[in-house]
4 protein chains.
Amino acid sequence: MAGNTFGVLFKITTFGESHGPAIGVVIDGCPSGLILDRDFINAELQRRKPGQSSITTSRVEDEDIEILSGVFENKTTGAPLCIIVRNKDQRSQDYEHLKNVFRPSHADYTYQAKYGIRDYRGGGRSSARETVARVIAGAVAKIILQHKSITINAYVSQVGNVMLNTPPEEIDLTLIESNSVRCPESMVAQEMIKLIEKTAEKGDSVGGVVSCMIKNLPVGLGEPVFDKFHAELAKAMLSINACKGFEIGSGFASASSFGSKNNDAFYSENNSIYTSTNNSGGVQGGITNGEAINFSCAFKPVSTIRIEQSTVSDSGENIKLKASGRHDPCVVPRAVPIVEAMAAIAVVDFILRQKAVQL
Amino acid sequence: MAGNTFGVLFKITTFGESHGPAIGVVIDGCPSGLILDRDFINAELQRRKPGQSSITTSRVEDEDIEILSGVFENKTTGAPLCIIVRNKDQRSQDYEHLKNVFRPSHADYTYQAKYGIRDYRGGGRSSARETVARVIAGAVAKIILQHKSITINAYVSQVGNVMLNTPPEEIDLTLIESNSVRCPESMVAQEMIKLIEKTAEKGDSVGGVVSCMIKNLPVGLGEPVFDKFHAELAKAMLSINACKGFEIGSGFASASSFGSKNNDAFYSENNSIYTSTNNSGGVQGGITNGEAINFSCAFKPVSTIRIEQSTVSDSGENIKLKASGRHDPCVVPRAVPIVEAMAAIAVVDFILRQKAVQL
Amino acid sequence: MAGNTFGVLFKITTFGESHGPAIGVVIDGCPSGLILDRDFINAELQRRKPGQSSITTSRVEDEDIEILSGVFENKTTGAPLCIIVRNKDQRSQDYEHLKNVFRPSHADYTYQAKYGIRDYRGGGRSSARETVARVIAGAVAKIILQHKSITINAYVSQVGNVMLNTPPEEIDLTLIESNSVRCPESMVAQEMIKLIEKTAEKGDSVGGVVSCMIKNLPVGLGEPVFDKFHAELAKAMLSINACKGFEIGSGFASASSFGSKNNDAFYSENNSIYTSTNNSGGVQGGITNGEAINFSCAFKPVSTIRIEQSTVSDSGENIKLKASGRHDPCVVPRAVPIVEAMAAIAVVDFILRQKAVQL
Amino acid sequence: MAGNTFGVLFKITTFGESHGPAIGVVIDGCPSGLILDRDFINAELQRRKPGQSSITTSRVEDEDIEILSGVFENKTTGAPLCIIVRNKDQRSQDYEHLKNVFRPSHADYTYQAKYGIRDYRGGGRSSARETVARVIAGAVAKIILQHKSITINAYVSQVGNVMLNTPPEEIDLTLIESNSVRCPESMVAQEMIKLIEKTAEKGDSVGGVVSCMIKNLPVGLGEPVFDKFHAELAKAMLSINACKGFEIGSGFASASSFGSKNNDAFYSENNSIYTSTNNSGGVQGGITNGEAINFSCAFKPVSTIRIEQSTVSDSGENIKLKASGRHDPCVVPRAVPIVEAMAAIAVVDFILRQKAVQL
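Residues numbered from 1 in each chain as written. Chains lettered and ligands numbered in written order. Predicted model: local features only at pLDDT ≥ 70, side-chain atom pairs only at ≥ 80, totals over all residues. Heavy atoms only, no water.

Concerning the overall build of chain A
Thought 1: Per the secondary structure count, chain A includes seven helices and 19 strands.
Thought 2: Relative to the compact-globule value of 21 Å for 359 residues, chain A shows a C-alpha radius of gyration of 21 Å, a close match.
Thought 3: Among the 359 residues that make up chain A, the fraction classed as buried is 69%.
Thought 4: Across chain A, every contact between residues at least 6 apart in sequence was considered, and the portion connecting residues at least 24 apart equals 69%.
Thought 5: If you sum the accessible surface of chain A, you get close to 11200 Å²; carbon and sulfur atoms cover 47% of it. (Helix = DSSP H or I, 4+ residues; strand = E, 2+ residues; numbered from the N terminus. Rg over C-alpha atoms; globule rule 2.2 N^0.38 Å. Buried < 20%, exposed > 50% of the residue type's maximum accessible area, 1.4 Å probe, protein only. Contact = heavy atoms within 4.5 Å. Areas by Shrake-Rupley, 256 points an atom, 1.4 Å probe, with all protein chains shown as cover.)

Overview of helix H2 (residues 108–115) of chain C
Thought 1: When you tally the buried positions in H2(C), you get six out of eight residues, the bulk of the element.
Thought 2: Looking at the buried side of H2(C), the elements it contacts are strand E8 (101–102) of chain C together with strand E13 (266–269), strand E14 (272–275), strand E15 (283–284), strand E16 (287–288) and helix H7 (332–354) of chain D.
Thought 3: Remark: Gly116(C) follows H2(C) within two positions and exhibits a positive phi of approximately 75°.

What about the relation of the copies chain B and chain A?
Thought 1: Rotating chain B by 180° and moving it 0.0 Å along the rotation axis overlays it on chain A with an RMSD of 0.0 Å. Taken together, the rotation angle and the small translation identify this as a two-fold axis.
Thought 2: Most of the interface of chain B is mirrored in chain A, where 100% of its interface residues are also at the interface. (Least-squares fit on C-alpha atoms with pLDDT ≥ 70 in both.)

Looking at the relation of the copies chain C and chain A
Thought 1: Relative to chain A, chain C is turned by 180° and slid 0.0 Å along the rotation axis, the superposed coordinates differing by an RMSD of 0.0 Å.
Thought 2: Looking at chain C, 100% of its interface residues are interface residues in chain A too, so the copies touch through the same face.

Quick notes on the interface of chain C and chain A
Reports often express the size of an interface as the amount of accessible area lost when the parts come together.
Thought 1: Contact with chain C, which involves 14 residues of that partner, is made by 14 residues of chain A.
Thought 2: Across the chain C to chain A interface the summed buried area is about 1300 Å²; carbon plus sulfur atoms make up 72%.
Thought 3: Area buried by chain C at its contact with chain A is led by Lys355(C), Ala356(C) and Leu359(C), which between them contribute 47% of it.
Thought 4: Applying the counting criterion to the chain C and chain A interface returns zero salt bridges.
Thought 5: At the junction of chain C with chain A, the criterion picks out two residue pairs in polar contact (both at pLDDT 80 or more). (Buried area = accessible area lost by both parts, 1.4 Å probe. Salt bridge = Lys/Arg side-chain N within 4 Å of Asp/Glu carboxyl O. Polar contact = N/O pair within 3.5 Å; in protein donor to acceptor, adjacent residues only side chain to side chain.)

What about the interface of chain B and chain A?
Thought 1: Chain B puts 106 residues into the contact, and the matching count from chain A is 107 residues.
Thought 2: A salt bridge links Glu232(A) to Lys235(B), with the shortest nitrogen-to-oxygen separation between them at 3.0 Å.
Thought 3: Viewed at the interface, chain A and chain B are joined by 47 residue pairs in polar contact (both at pLDDT 80 or more).
Thought 4: Taken together, the residues of the side of chain B that touches chain A break down into 45 nonpolar, 45 polar and 16 charged.
Thought 5: For strand E12 (residues 243–248) of chain A and strand E12 (residues 243–248) of chain B, the ladder comprises three bridges, and the chain directions are antiparallel. Its bridge partner lying in E12(B), Glu247(A) is registered against Gly245(B). (Nonpolar A, V, L, I, M, F, W, Y, C, P; charged D, E, K, R; others polar. Pairing = 2+ DSSP bridges.)

As for the packing of aromatic side chains
Thought 1: Per the counting criterion, the structure on display carries 34 aromatic pairs over all chains.
Thought 2: Members of the aromatic cluster, joined through ring pairs, are Phe102(A), Tyr109(A) and Phe266(B).
Thought 3: We note Lys114(C) situated over the ring of Tyr115(C); from NZ or CZ to the ring centre the distance is 5.9 Å. (Phe/Tyr/Trp six-rings, centres within 6.5 Å; stacked < 30°, edge-to-face > 60°. Lys NZ or Arg CZ within 6 Å of the ring centre and 35° of its normal.)

What about the sheet that holds strand E1 (residues 5–6) of chain A?
Sheet strands line up and pair through hydrogen bonds in the backbone, either parallel or antiparallel.
Residues and elements named next belong to chain A.
Thought 1: Read from one edge to the other, the open sheet built from five strands follows the order E1-E2-E3-E7-E4, with strand pairing classed as antiparallel. With one partner strand each, in any of the chains shown, E1 and strand E4 (66–69) form the two edges of the open sheet.
Thought 2: In terms of strand pairing, E4 meets strand E7 (residues 81–86) through three bridges, oriented antiparallel. The residue bridging isoleucine 67 from the neighbouring strand is isoleucine 83, located in E7.
Thought 3: Lying on the sheet, helix H3 (residues 131–147) is in contact with strand E2 (11–16), strand E3 (22–28) and E7; it crosses E3 at an angle near 35°. (Axes fitted to C-alpha atoms, helices over the stretch in contact; angles between N-to-C directions.)

Quick word on the environment of Val71(D)
Residues and elements named next belong to chain D.
Thought 1: Along the chain, valine 71 turns up in strand E5 (residues 71–72).
Thought 2: Along the backbone, valine 71 and leucine 36 are 35 residues apart, and their C-alpha atoms lie at a distance of 7.8 Å.
Thought 3: Non-local contacts of valine 71, meaning those with residues more than four positions away in its chain, are made with Leu36, Thr77 and Leu81.

Details of the environment of Gly24(D)
Thought 1: By secondary structure assignment, the location of Gly24(D) is in strand E3 (residues 22–28).
Thought 2: A C-alpha to C-alpha distance of 7.7 Å links Gly24(D) and Val132(D), two positions 108 residues apart in sequence.

A closer look at the pattern of salt bridges
Note that side chains of opposite charge can pair when their charged atoms are close.
Thought 1: On inspection of all chains with the given rule, the structure shows 75 salt bridges over all chains.
Thought 2: Among the salt bridges present, the one from Asp227(A) reaches Arg353(A), with a minimum N-O distance of 2.7 Å. One end of the pair, Asp227(A), is in the loop between strand E11 (208–215) and helix H5 (229–238); the other, Arg353(A), is in helix H7 (residues 332–354), and 126 residues separate them in sequence.
Thought 3: Residue Arg103(B) pairs with Asp108(B) through a salt bridge whose shortest N-O separation is 2.8 Å.
Thought 4: The network of salt bridges with shared partners includes Glu44(A), Arg47(A), Lys142(A), Glu177(A), Arg182(A) and Glu340(A).

So, the pairing of strand E4 (residues 65–69) of chain D
Residues and elements named next belong to chain D.
Thought 1: In terms of residue burial, E4 counts as a mostly covered element, since four of its five residues are buried.
Thought 2: Of the strand pairs in this sheet, E4 and strand E7 (residues 81–86) are connected by four bridges, and their pairing is antiparallel. Within the sheet, the bridge partner assigned to isoleucine 65 lies in E7 and is valine 85.

With respect to the sheet that holds strand E12 (residues 243–248) of chain C
Thought 1: Ordered in space as E10(C)-E9(C)-E11(C)-E17(C)-E12(C)-E12(D)-E17(D)-E11(D)-E9(D)-E10(D), the ten strands form an open sheet in which the pairing is antiparallel. Both edges of this open sheet fall to strand E10 (162–163) of chain C together with strand E10 (162–163) of chain D, since each of them pairs with a single strand only.
Thought 2: Where strand E11 (residues 208–215) of chain C meets strand E17 (residues 293–299) of chain C, seven bridges bridge the pair, whose relative direction is antiparallel. Each residue of the ladder has a partner; that of Gly208(C), found in E17(C), is Phe299(C).
Thought 3: Packing of helix H5 (residues 229–238) of chain C onto the sheet brings it into contact with E12 and E17 of chain C together with strand E12 (243–248) of chain D, and relative to E12(C) it is tilted by some 160°.

Considerations on the state of the cysteines
Thought 1: In the structure shown here, the tally under the stated rule is zero disulfides over all chains.
Thought 2: Summary of cysteine pairing: Cys330(D) is not part of a disulfide, and the nearest cysteine sulfur, belonging to Cys183(D), is at 12 Å. (Disulfide = S-S within 2.5 Å.)

Focus on the confidence of the model for chain A
Should the pLDDT be low somewhere, the predicted coordinates at that spot are not to be read in detail.
Thought 1: Averaged over all residues, the pLDDT of chain A is 94; the fraction at 70 or higher stands at 96%.
Thought 2: The ipTM, which scores confidence in the relative placement of chains, is 0.96 for this predicted complex, and the corresponding pTM is 0.97. (pLDDT = per-residue confidence, 0-100.)

Brief notes about the side chain of Ser211(C)
Residues and elements named next belong to chain C.
Thought 1: As for its placement among the helices and strands, serine 211 is situated in strand E11.
Thought 2: For serine 211, a relative accessible area of 6% translates into the label buried.
Thought 3: Engagement of the side chain of serine 211 in a polar contact is seen with the side chain of serine 296, the distance being 2.8 Å.
Thought 4: Contact partners of serine 211, with chain neighbours within four places excluded, come to Asn153, Ala154, Tyr155, Ser157, Phe295 and Ser296.

Some words on unusual backbone geometry
Thought 1: Non-glycine residue Val225(B) carries a positive phi angle of around 70°.
Thought 2: One can find Val225(B) in the loop between strand E11 (208–215) and helix H5 (229–238).
Thought 3: The buried category is assigned to Val225(B), whose relative accessible area is 2%.
Thought 4: The phi dihedral of Asn270(D) is positive, around 50°, even though this residue is not glycine.
Thought 5: Along the chain, Asn270(D) falls in the loop between E13 and E14.

Looking at the packing of H5(A) against H7(A)
To describe two helices that pack against each other, one gives the angle between their axes and the distance between the axes.
All names here are of chain A.
Thought 1: Direction vectors running N to C along H5 and H7 enclose 145°, while the axes themselves pass 9 Å from each other. The hand of the H5/H7 crossing is right-handed. Across the interface between the two elements, Phe229, Glu232, Leu233, Ala236 and Met237 of H5 pack against Val339, Met342, Ala343, Ala346, Val347, Phe350 and Arg353 of H7.
Thought 2: When its residues are assigned to classes, the contact of H5 with H7 shows ten nonpolar, no polar and two charged. (Left-handed = near helix turned anticlockwise from the far one by under 90°.)

Things to note about the side chain of Thr131(A)
Residue and element names in this part refer to chain A.
Thought 1: With respect to the helices and strands, the residue threonine 131 is situated in helix H3.
Thought 2: At 2.9 Å, the side chain of threonine 131 forms a polar contact with the side chain of arginine 48.
Thought 3: Residues within four places of threonine 131 in sequence aside, it is in contact with Arg48, Asn241 and Ile338.

Next up, the structure:
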């Protein structure tokens, strides 16, 4: 209950700090008999990895997973999986000067206040490096979803003021990985990259939006009232570092719409029921209706910038701070696999929960 | 785990259908020794009640709570509270014609698919009447927060295209209840009311945004990683009927901002630490930093409209449907106390969880 | 997490005090489409009811359930069931003299210390009347088990020094309800009744043992490590008022046995696997093996006796106390349906959990 | 929810198989600022270790913990602790002949039936080696309890027919570790050792009882109704491999007792309240009353014996099996630290839960 666990039946618990010995995850509730493809998990980690291109941090995190439990002869046994990645490129000395400083818009101050102690090296537990564990668990979840032909594809739909205006259903998802910013439209992607590079030159950072599409979900996933499909998704996304907003379907735009326009008319075809529009984003009353799920997550600009800022030391002095460490000028390209991972984990959990609804 | 429970230590479980015998809530984990003010709880229910003004449904829900357990000589005993409200004005016959119809953008189809059965009267469990139970639990939570001088005030910041553009910190919260739309600025409120009335005349409905401000929170609430303060808030809000989006602090606007502008500089004054801006919305690394919390929730237009729509019967026929029952043309004025209730429940839960962090 | 909930997927939360308005239970996770037989539930309550015979308390609890939610046209809908029973025969004045007294071996002192307040009327929340809610939930669970042909039968196997020595597998379960003490062997039952009557005359109380047999369980129920089948059963049983011990299969007798004698040899017959003895009590490694489950629960003598005892007032004075109220001289006959109820709830929960183990 | 987690606020999740890469535990909810003494944890593991004396298995498990997370400069940070021990002395080939055999009274058959797959090497997840993780977590819990002066001491009170008849309150707990069987009375210990040696010579195994004493607990721990102090203890103990029974206070003996004898009279002295006897075992109404907790756990004889037994292969053939591997002839001496560990974990969890009861 101390907040490091997500999920009810497909339950993941992450552990590890940025500069501790390892980052890892325990997955309890993974169905048995699943072939666990190490290469796929490592490939997913590669997508999250820093240093992939000119627009991400040059810090190198060369991951290689170690499976400590739950697998026998390459198959899951139903026992908890523990998978870890060792922390290698630590350079703890980079952080010595931050020992007594609360970096603006970071978690330094709040962790210190909450726990009376903090691991100041690279943010410790609050570091985005924790998402390595999520991507591992997400990869396991995706292996399960492959059995059900369910696909999850996230992409960058906004960087600063550069927006992708194509409606979700018209996106060519196969183009997402064709550029370093992970925007499926080449022209928009180029503008985004330019903005990120320009921002990086100034030592500044810029925000963005990651959108995501889930296809081939069965009708009926999601629990009513508090554990609505999109409520759990929202929690999953807002739990990602730097995420400040979530919307599903017509989202914030629905606030300025009318029922006559926003409602999704049903129609029947070949004994199946569909909606002619999808402002609901695939969820009605908290339960999936068989249409594609589409949602978006707003990410703030990375807090670490190489521009002088006012802040406070842990003894309460007003001081100036200018970061010098390696950092991403824009988090959204690397957030893409993390958004997918959290979505995959949430979906698998709902699939397992749904099994208990009818006798 | 079937989704009707919210909270870890201050744990509420709601039950009841729109047209069943009663709506109610069990609160397990309410601290003992609390004076439970019935009048305050009933007053909160009055704020949620339909039929309060020209812009809400004329359906009358005259609530009166019944406390079934957990109170002795007006004080909580530490035993679970069960509080119910009887359903009176049921008119089940109003819904007979919906028995075999899936209303567009309602939960009829998804519930039928999930459970193989549904209570079609007024939406049954998926009805917004379930929020009566949340408002009751929220009132209990608010009584606890009063002991800590923590205040929670929600207000309407958008109806359709009519927006309140005042920054959260400049809002006069005392004016919220001064008009029927619960917008703290009279001029904007009048425009909103006009839009709702015009929409109602057409038999249509319109969406909106509810914003919320929490003040006087201690530093340190919220659990890292998955149960971040704003992640739980997001789940709480998205679990409310018709809510399609959530943002905290600079939210979606942060996507087009830069770190140099969006970061909140710390400063120290009189031995306390503050931020000079509040784009973080009072939360950093998932943990409260002592600044005011501000967040917003997008609500779609109510799905029930008195305009003919295409839909499908439960036997799969394509049909036309035109609603005739009573309904709200805009949900946001009545959503205000519900947003406050869910926020209060989440905050109390975090306060209790925080007690276990240090020995 | 305040202790009033049992179960993971078939999750019950009870509420209510002995002399408050009502006792009730919310069942979240009850599968949909189940015909809920009111008469069966009321009949189970009758089995628990005081005043059934010369050997139980003459206090009358004439129960009649009220279903507040979760049922539509007699069927469960998948929404939470709330079922209550009003408290009628309250006689609160009977307890006025206990307002300031801590009754020996009751929960008066510990509740006062824990919560700083207590409902002293009839024990309040700590009263065995709370088990009304368990019997209701157990009846719902039994309805589910009937669909699977799983049977649960508890019986009295010991009262004071009078013991039933027949091995579990030789018991004629159809005879349990043939006498007021619920011991399936008439001769032993008569001795038990005599002992209880003699004890009652002295104003004293006597302990006993309830044994229980579960048949037709599938192989594979129970979760490894902490949530072993018999570990959850043990918790369920020890949570019943006055229960002080639990054993499964050869139980405490296995402590003085040898592996060569205690091990259950497997054999195969008609493509099924059986054990030739059942010292395991139907559970191996925490998981059911298809054999009958048999377990026993020790109940201490009822704490309320009409004999003068030394105790302490809530102001710390050493005083004498002699109870005058109505009470059972021996709790085990009425504990039989409660043991069955808790077992049924635990079994249904494991059945639902098992659905999520394989894809 | 797949059963590998114990505790609500001090929450442990164990992972690892007997012959996999590692055994480990994640502890979420460990209070921050605690000095984590590696030597103490390793010393506790030594107490559990096989090969300690003539009466335990000669299999060598030379443990050395590796702390992967949650500690900074030797102190806990409030982040989850992950602590592992590598599996070294694996000899997987010892188990090749068991690949297709279901060992009697082991978990081979039930795991295969539940999961459709099993790691047959040394029992895999069902191996008692899993308790390494519990002892680690228990050592962390004990460090917390040391701050509160709470002590937990388990000891062997029965091996086969050799019983220790001294009442719990008269036991000299300092003598427990003075002999290899961990019975605090030397004469009885010698008899126990003789019985175990004789049993070992025959290739057989023998059962026993571990009793445990918890001292200096505050009044008020434990949650009413389902999460009673002793109900959670019972679950904790029954979750230990080979444990078949649990009793607290007068336990099964209370079944043949009378209220006038079994009730614990209160008395007041120096402004504190005590009981003159302790048949309640320190718990009343599920909540601690400040007296010492005493409880006992029955352990069956180890299932692995070097005597030929009838059993079944996984293809359903009736076969004979005779074990040749290393094993303990009696599990109780090594169960002592495991019982203490589970008790410590349960107590710390209740201490943290108690913090949330009053505002």
